[in-house]
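Summary of structural features
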Amino acid sequence: MNKLITIFVTTLLAGCSIVGEAGVESAPYKLLKADKDKETETKIEIREYQSMVLVSTSMDDDGRNSAFRRLFNYIAGDNSGQREIAMTAPVYMGNDAASGEGMKISMTAPVFMNSDVASSGGANVMSFVMPDSFTYDSTPIPNNPKVKVSEVKNYKVAAITFSWTLSDSNVKKHTNILLDYLKQNDFTVTGKPYTAAYNGPMTLPMYRKNEVLIPIQ
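Remember, predicted model here, so these are calculated numbers, not experimental data. (Residues numbered from 1 in each chain as written. Predicted model: local features only at pLDDT ≥ 70, side-chain atom pairs only at ≥ 80, totals over all residues. Heavy atoms only, no water.)

1. Examining helix H3 (residues 168-184)
Given a rise of 1.5 Å per residue, 17 residues ought to cover 24 Å, and the 24 Å separating the end C-alpha atoms of H3 matches this to within 8%. Restricting attention to buried positions, one finds in H3 the residues Asn170, Val171, His174, Thr175, Ile177, Leu178, Tyr181 and Leu182. For H3, the buried positions fall inside an angular range of 160° around the axis, keeping them on one side. In this structure, H3 carries Asp168, Ser169, Lys172, Lys183 and Gln184 as exposed residues pointing more than 90 degrees from its buried face. Against strand S2 (30-36), strand S3 (43-58), strand S9 (147-162), strand S10 (194-197) and strand S11 (210-215) lie the buried residues of H3. Of the residues flanking the end of H3, it is Asp186, one or two places downstream, whose phi is positive at about 60°. (Helix = DSSP H or I, 4+ residues; strand = E, 2+ residues; numbered from the N terminus. Expected span 1.5 Å × (residues − 1). Buried < 20%, exposed > 50% of the residue type's maximum accessible area, 1.4 Å probe, protein only. Arc of directions from axis to C-beta. Contact = heavy atoms within 4.5 Å.)

2. A closer look at the nonpolar core
Considering soluble globular proteins, one finds that nonpolar side chains tend to be buried as a cluster. Val55, Tyr74, Met113, Met126, Leu178, Leu182 and Val212 are the most contacted members of the largest nonpolar core, which has 32 residues in total. Listed by contribution, the elements that provide at least two residues to this core are S3, helix H2 (63-75), strand S7 (108-113), strand S8 (125-129), S9, H3 and S11. Looking at which element gives the most residues to this core, the answer is H2, with 6 residues. The next biggest cluster of nonpolar side chains, apart from the first, holds 16 residues, and it includes Ala27, Val152, Val157 and Tyr198. (Core = buried A, V, L, I, M, F, W, Y, C linked by side-chain atoms within 4.5 Å.)

3. Observations concerning the packing of aromatic side chains
Two descriptors summarise a pair of aromatic rings, namely the distance from one centre to the other and the angle between the planes of the rings. For the coordinates displayed, the defined rule picks out 5 aromatic pairs. Relative to Phe72, the ring of Phe68 lies with its centre 6.4 Å away and its plane at 10°, an arrangement referred to as stacked. Here Phe72 and Phe68 lie together in helix H2, a separation of 4 residues that amounts to about one turn. Across this residue pair, the class does not change: Phe68 and Phe72 are buried. Above the face of the Tyr29 ring, Arg47 is positioned so that its terminal group lies 4.3 Å from the ring centre. Residue placement shows Lys209 over the ring face of Tyr198; its charged tip is 4.2 Å from the ring centre. (Phe/Tyr/Trp six-rings, centres within 6.5 Å; stacked < 30°, edge-to-face > 60°. Lys NZ or Arg CZ within 6 Å of the ring centre and 35° of its normal.)

What is shown is where atoms sit, not what they do.
See below:
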């Protein structure tokens, strides 16, 4: 996680906020149920992501550092349309190869980590969510074969939201709270837990938004 944070810091200092709160689109979902853990009062939601286009890459080969770099290179123009995204927040596309006109694009939160959202295989991947204006067909094809575009439809998850950092202990604590909640409420788990980050490291820890998500039936 430290290496990934270093990349986030470097990027933010260069003027680019990838997953900051202010002015950043969040992946839309249908809220099926809102609840709280009885002991900790931690927010828990049952959601359905009706449609998401993801750009993903494996973290198994070279770790989070390289995975983040490949995804960042993709949104910076390493794709079939050579579409460049300026380092601002919101992010702007420099030139549309098809029309020659500038195109504004707000990058979407969160960044998913630790499990392949697009399949039940539980692969160790990192994913960027494309803005809602993109469809699977309109999303540029990655030049790097290690970067894949996928689409998720009618994807049901349980999510627990918490602050501070995505340290192993903090993630484990909230994963266990969420698993206990699902067991107590008779939900069927269909996949491995994974994490979602909404803020860069310039955000004070107590104001950060993190999540653990677990696929359910």
